[in-house]
Amino acid sequence: MTVPTIALNDGTQIPQLGFGVFLVDPDDTERIVSDALEAGYRHIDTAAGYNNEEGVGRAIAASGLSRDEIYVTTKLKNDDQGAKTAPIALQRSLDNLGLEQVDLYLIHWPTPAKDLYVETWKALEELRAAGKTRSIGVSNFMVPHLERLLAETDTIPAVNQIELHPYHQQPAVTAFGNEHGIATEAWGPLGQAKYPLLELPEITAVAAAHGKSPAQVVLRWHIQQGNIVFPKSNSRARIAENFDLFDFELSQTEQSSITDLERAGRVGGDPNVVN
Ligand code: NAD
């Protein structure tokens, strides 16, 4: 099965569906990422803060796939923000992953109280020029943070990775991204299983109509919205289920009925507060 790719504003392409490893235990990461690669995923989303980059790297090395067949994202920890520390942190991540270059490097959170994200972004511009990462982007950036980057630096982020699921669609920041060519990556695409998204009648009815699972319907909704997603699961069966999204299509009415669930229902941290 071929996963569609999304063209980023720097001329590169990213697979629209990947596998995320937040809260995957470091001891289990190699096995679980190997399961994902075997199921067909070719895009892995990790972070220095997840403490499991080594396991991701071991799974990639063991897969027998060539480097250019796998898209790898990692993220700069909040404590490593700053012009001097960011290059050291990316090199540490590369060493952990056993790679010469990542495909995408993100500032994990804006942490506005630190007021370091502009100088950190300039360091990421240099890291990209040095070939340590093919693309650079941000995560959890809200409109004012993006506006500052656009006003004070030379590079528009390739992506913004934000909490996004039917209860929390972040219309203002996604509209800003669309206007400026910043692709939206949806973290917590299943709401991190923190509210009964998969039991909502609006979702289960659509799932029954297509003979698919509620999780597949929500992930398909993301794909049709144009979001980049990387659902996480430790279970081999769910890993395969979450990859099987390309043999059905939601009608416009079904798509809108899910979009109508929006209620500003954040389940993760507030980007204006997280430090
Ligand atoms: P998610 O929405 O992918 O939810 C994961 C949980 O959903 C699983 O633990 C499981 O309980 C459940 N689940 C998964 N597949 C299922 C299925 N088929 N049926 C029923 N339940 C299922 O949440 P997430 O892991 O937080 O988000 C995905 C990825 O996004 C992460 O792994 C990480 O890579 C990234 N992320 C980034 C940030 C950030 O700040 N940038 C924050 C959180 C997550």
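Presented here is a report on the structure given in the accompanying data block. (Residues numbered from 1 in each chain as written. Predicted model: local features only at pLDDT ≥ 70, side-chain atom pairs only at ≥ 80, totals over all residues. Heavy atoms only, no water.)

### Here's the deal with the overall build of the protein
Right, so step 1: Each helix and strand counted, the protein has 10 helices and 10 strands in total.
Right, so step 2: Here the protein has a C-alpha radius of gyration of 18 Å; the compact-globule value for 275 residues is 19 Å, and the two agree.
Right, so step 3: Considered along the principal axes of its C-alpha atoms, the protein spans approximately 55 × 40 × 30 Å.
Right, so step 4: Here the protein holds 275 residues, and the buried ones make up 53% of them.
Right, so step 5: Total accessible area on the protein stands at roughly 11,500 Å², and carbon and sulfur atoms take up 49% of it.
Right, so step 6: With 22 positive and 37 negative side-chain charges, the protein shows a spacing of 3 Å between the two charge centroids. (Helix = DSSP H or I, 4+ residues; strand = E, 2+ residues; numbered from the N terminus. Rg over C-alpha atoms; globule rule 2.2 N^0.38 Å. Buried < 20%, exposed > 50% of the residue type's maximum accessible area, 1.4 Å probe, protein only. Areas by Shrake-Rupley, 256 points an atom, 1.4 Å probe, with all protein chains shown as cover. Lys, Arg positive; Asp, Glu negative; His and termini not counted. Charge placed at Lys NZ, Arg CZ, Asp CG, Glu CD.)

### Section: the layout of surface pockets
Right, so step 1: Each pocket or cavity is described by its volume, and for the largest pocket that value is around 890 Å³.
Right, so step 2: Along the walls of the largest pocket sit 37 residues, with Phe22, Gly188, Pro189, Gln192 and Lys232 positioned nearest its centre.
Right, so step 3: Put simply, the parts of the chain that give the lining of the largest pocket at least two residues each are helix H8 (214–225) and helix H9 (236–243).
Right, so step 4: Ranked by residues supplied to the lining of the largest pocket, first place goes to H9 with three residues. (1 Å grid on protein atoms, 1.4 Å probe; cavity = no way out; pocket = protein on both sides within 12 Å on 5 of 7 lines; lining within 4 Å. Points joined across faces, edges and corners; volume = space filled by probe spheres on them.)

### Overview of the site of the ligand
Right, so step 1: The ligand sits among 27 residues. The nearest are Asp45, Ser139, Leu190, Gln192 and Asn242.
Right, so step 2: Separating an oxygen atom of the ligand from a backbone N or O atom of Pro189 is a distance of 3.2 Å.
Right, so step 3: For the ligand, the protein covers 89% of the area, taking 830 Å² as the surface of the free molecule.
Right, so step 4: Taking a 2 Å distance to the grid points as the criterion, the majority of the atoms of the ligand fall inside the largest pocket.
Right, so step 5: Among the elements that make up the shell around the ligand, the one with the highest residue count is H9 (three residues). (Near = heavy atom within 4 Å. Polar contact = N/O pair within 3.5 Å; in protein donor to acceptor, adjacent residues only side chain to side chain. Sits in = over half its atoms within 2 Å of the grid points.)

### Digging into the side chain of Gln170
Right, so step 1: Within the secondary structure layout, Gln170 lies in the loop between strand S8 (159–163) and helix H6 (171–180).
Right, so step 2: Overall, Gln170 belongs to the buried group, its relative accessible area being 9%.
Right, so step 3: Engagement of the side chain of Gln170 in a polar contact is seen with the backbone oxygen of Glu163, the distance being 2.8 Å.
Right, so step 4: Once residues within four sequence positions are removed from consideration, Gln170 is found in contact with Met142, Ile162, Glu163 and Glu262. (Contact = heavy atoms within 4.5 Å.)

### Regarding H9
Right, so step 1: Those residues of H9 that fall on the buried side of the exposure criterion are Ile239, Asn242 and Phe243. Angularly, the buried residues of H9 cover 100° about the axis, an arc narrow enough to put them on a single face. Among the exposed residues of H9, those oriented more than 90 degrees off its buried face are Ala237 and Arg238.
Right, so step 2: Against the buried residues of H9 lie strand S3 (19–20), helix H1 (26–39) and H8. (Arc of directions from axis to C-beta.)

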